[in-house]
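Below are the chains, spelled out letter by letter.
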Amino acid sequence: MPGYTGRMFLDLPAYIAFHTALSLIAIVAGIVVVAGLFGRERQPAWTALFLASALLTDLTGFGFPAAQVMPSHVVGVLSLIAVAAAGAARYRFRLAGIWRRVYAINAVAVLYFLVFVLIAQAFLKVGLLNELAPTLSETPFAVAQGIALGFFLLVGIAAALRGRSV
């Protein structure tokens, strides 16, 4: 990283692999949990896996070398707030009253942040996508992120209105 003078204590490729594995686990678990918001069965194991792996993904994301605050740090902070809110709603307030909606909205937000980063990484790492938007400021990237945002907004609103237990 340009301008970075510190040293990693871990092997960077191994750290990247660990962080990526955590994020993929969180995404899969998050899909199951968010889909479960529309079902009748509780999913306590999936919920715990989702929130724990999302939290660890956020925390390990801050371990990458960087000389300044980057957009990924902002997304990480927003995701940490959403994970904390979802965790508090689920485990501290037991989804009582308004906390059911707080949980639904924040669970969807956590999954959205994970998918947001997945899309960004796909555009950075997948050849064809990178050719379409090499700086992540081009229209194809904006369209992909806009579609994801619109989808998750609709899912979040529907989940909040439905308000199922998880």
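This write-up is about the structure you can find in this document.

Some words on a nonpolar patch on the surface
Inference 1: A cluster of nonpolar residues, Leu55, Leu56, Leu59, Phe62, Val69, Val74, Val77, Leu78 and Ile81, forms a patch on the protein surface that exposes about 770 Å² of accessible area.
Inference 2: Within the residue set of the nonpolar patch, elements represented by two or more residues are α2 (44–61) and α3 (71–92).
Inference 3: Per-element accounting of the nonpolar patch gives the leading share, 4 residues, to α3.
Inference 4: With respect to the element layout, Leu55 can be found in helix α2.

Points about the packing of α3 against helix α4 (residues 99–125)
Inference 1: Axis separation between α3 and α4 bottoms out at 8 Å; the angle between their running directions is 150°. Taken as axis vectors, α3 and α4 run roughly antiparallel relative to one another. The hand of the α3/α4 crossing is left-handed. On the side of α3, the interface is formed by Val75, Leu78, Ser79, Ala82, Val83, Ala85, Ala86, Ala89 and Arg90, while α4 contributes Trp99, Val102, Tyr103, Asn106, Ala107, Ala109, Val110, Phe113, Phe116 and Val117.
Inference 2: Residues that form the contact of α3 with α4 fall into these classes: 16 nonpolar, 2 polar and 1 charged.

Observations concerning the layout of surface pockets
Inference 1: Of the voids in this model, the largest pocket is the one considered here, and its volume is about 1200 Å³.
Inference 2: Residue lining of the largest pocket: 33 residues in total, with His19, Phe64, Ser72, Val117 and Gln121 positioned closest to the centre.
Inference 3: When residues of the lining of the largest pocket are traced back to their parent elements, those giving at least two are α1 (12–36), α2, α3 and α4.
Inference 4: In terms of residue class, the lining of the largest pocket is built from 21 nonpolar, 10 polar and 2 charged.
Inference 5: There is about 160 Å³ of room inside the second largest pocket.
Inference 6: Taken together, the elements giving at least two residues each to the lining of the second largest pocket come down to α4 and α6 (139–162).
Inference 7: Here the residues of the lining of the second largest pocket are counted per class, giving 10 nonpolar, 1 polar and no charged.

Details of α1
Inference 1: Taking 1.5 Å of rise per residue, 25 residues should cover 36 Å, and α1 covers 36 Å from first to last C-alpha, within 8% of that figure.
Inference 2: Looking at the packing, one finds that the buried side of α1 touches α2, α4 and α6.

Conventions and cut-offs
Residues numbered from 1 in each chain as written. Predicted model: local features only at pLDDT ≥ 70, side-chain atom pairs only at ≥ 80, totals over all residues. Heavy atoms only, no water. Patch = residues over 30% accessible without salt bridge, like charges linked within 9 Å, V, L, I, M, F, W, Y side chains within 5 Å. Areas by Shrake-Rupley, 256 points an atom, 1.4 Å probe, with all protein chains shown as cover. Salt bridge = Lys/Arg side-chain N within 4 Å of Asp/Glu carboxyl O. Helix = DSSP H or I, 4+ residues; strand = E, 2+ residues; numbered from the N terminus. Axes fitted to C-alpha atoms, helices over the stretch in contact; angles between N-to-C directions. Parallel < 35°, antiparallel > 145°, perpendicular 65-115°, else oblique. Left-handed = near helix turned anticlockwise from the far one by under 90°. Contact = heavy atoms within 4.5 Å. Nonpolar A, V, L, I, M, F, W, Y, C, P; charged D, E, K, R; others polar. 1 Å grid on protein atoms, 1.4 Å probe; cavity = no way out; pocket = protein on both sides within 12 Å on 5 of 7 lines; lining within 4 Å. Points joined across faces, edges and corners; volume = space filled by probe spheres on them. Expected span 1.5 Å × (residues − 1).

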